[in-house]
Amino acid sequence: ATTNVYGDIAAQVGGSAVTVTSVIEDPSQDPHSFEASARVQLAIAEADVLIENGGGYDDWADRLLAAADSPDITVVNVVNLSGYDQEPSSGPFNEHVWYDFPTVATLVNKLADEFALRYPAQADLFTSNAATFITSLKALEATEAAMRADSEGVGVAITEPVPLYMLSAIGLTNVTPSEFSKAIEDGTDVPPLVLSETLALFTSRAAQLLVYNEQTAGPQTAQVIKAAEDAGAATIPVTETLPSGKSYLQWMSDNLDAIGKALS
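To keep things clear, this report deals only with the structure shown in the data block.

Analysis parameters
- Residues numbered from 1 in each chain as written.
- Predicted model: local features only at pLDDT ≥ 70, side-chain atom pairs only at ≥ 80, totals over all residues.
- Heavy atoms only, no water.
- Helix = DSSP H or I, 4+ residues; strand = E, 2+ residues; numbered from the N terminus.
- Buried < 20%, exposed > 50% of the residue type's maximum accessible area, 1.4 Å probe, protein only.
- Pairing = 2+ DSSP bridges.
- Right-handed = clockwise from strand over helix to strand, strands pointing away.
- Contact = heavy atoms within 4.5 Å.
- Axes fitted to C-alpha atoms, helices over the stretch in contact; angles between N-to-C directions.

### A look at the environment of Ser-89
Looking at where Ser-89 falls in the secondary structure, it is placed in the loop between helix H4 (78-82) and helix H5 (101-118). Ser-89 sits in the exposed class, given a relative accessible area of 83%. Measuring from C-alpha to C-alpha, the distance between Ser-89 and Glu-179 comes to 16 Å, with 90 residues separating the pair along the chain.

Pasting the structure below:
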């Protein structure tokens with residue numbers, strides 16, 4: 001798996017019948033700036049199944065896969081599984097689909113099927129594990145729906161679109177200038193006027209909370225966080241990879257808890 005997010009999900013579905021290698025495991029590593037090593041090349045070449053995010057997020061995996069020339073590898077591209085339009089007319093595509101629970105449910109079922117094809121004797125285990133996982137996902141979706149009843153239309157600002165699928169499911173409205181979040185995600189300077197517009201979201205109370213990616217901190221994101229804090233808006237950190245010691249389900253539950261506390 002390209003990240004420990006998908007590695008954890010694969011381990012939950014496969015149980016003891018599979019061995020999982022997660023390429024990016026360090027919570028402080030920005031996946032966008034990852035540079036693969038020879039060890040990673042070997043891991044991909046020897047894999048039976050490669051889980052990649054897709055959508056331009058981890059293109060390095062495709063390059064290593066092409067170099068490996070291993071036709072027997074099954075590639076599971078999660079963005080493709082999501083069914084989302086990767087060229088939306090409304091703006092840049094948000095590739096952070098692991099924050100979208102319906103997409104993760106599709107992935108879980110896909111992995112159960114793929115593992116069963118390779119290990120038919122363990123098919124019942126994979127099916128059972130997948131069902132258990134999806135039951136927990138549905139509970140998280142129910143939490144989102146309950147939160148939506150109280151937070152529909154509340155303005156939220158972001159530094160990057162990492163958590164947007166979750167925020168949208170909760171009913172929050174992203175009021176951040178798209179030029180701001182795109183510049184932060186691309187690692188470029190935010191134009192002064194756009195930065196001013198973003199900072200003004202908090203003094204005007206257009207944004208009642210800020211959800212920021214703590215893996216890509218910088219001077220301009222620090223300015224935005226300070227502006228939110230000075231205005232009394234809640235600030236909530238999120239990450240792109242699993243925090244140490246957390247499973248995917250625990251991590252997402254913690255994110256929902258943090259947002260719920262901020263909204264209340």
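Now that the structure has been shown, the text picks up again.
### Here's the deal with the pairing of strand E5 (residues 209-213)
Among the five residues of E5, five are classified as buried, and the element is accordingly described as predominantly covered. The alternating pattern of E5 places Leu-209, Val-211 and Asn-213 on one face and Leu-210 and Tyr-212 on the opposite face, and all of these are buried. Relative to E5, strand E3 (residues 155-158) is paired through three bridges, and the arrangement is parallel. In the sheet register, Val-156 faces E5, and the bridge partner there is Leu-209. Sheet topology places E5 next to strand E6 (residues 234-238); five bridges connect them, and they run parallel. Residue Val-211 lies in a different strand from E6, and its bridge partner there is Ile-236. Note on the crossover from E5 through helix H10 (residues 219-230) to E6: the handedness is right-handed.

### Topic: the sheet that holds E6
Consider a sheet: its strands pair through backbone hydrogen bonds, and that pairing is either parallel or antiparallel. Pairing is parallel across the open sheet formed by four strands, whose spatial order is E4-E3-E5-E6. For this open sheet the edge positions go to strand E4 (173-174) and E6, each flanked by a neighbour on one side alone. Strand contacts of H10: E5 and E6, with the helix running at about 155° to E5, the strand carrying the most contacts. Strands in contact with helix H11 (residues 248-263) are E5 and E6; relative to E6, the strand with the most contacts, it is inclined by about 175°.

Just geometry here; none of it tells us what the structure is for.
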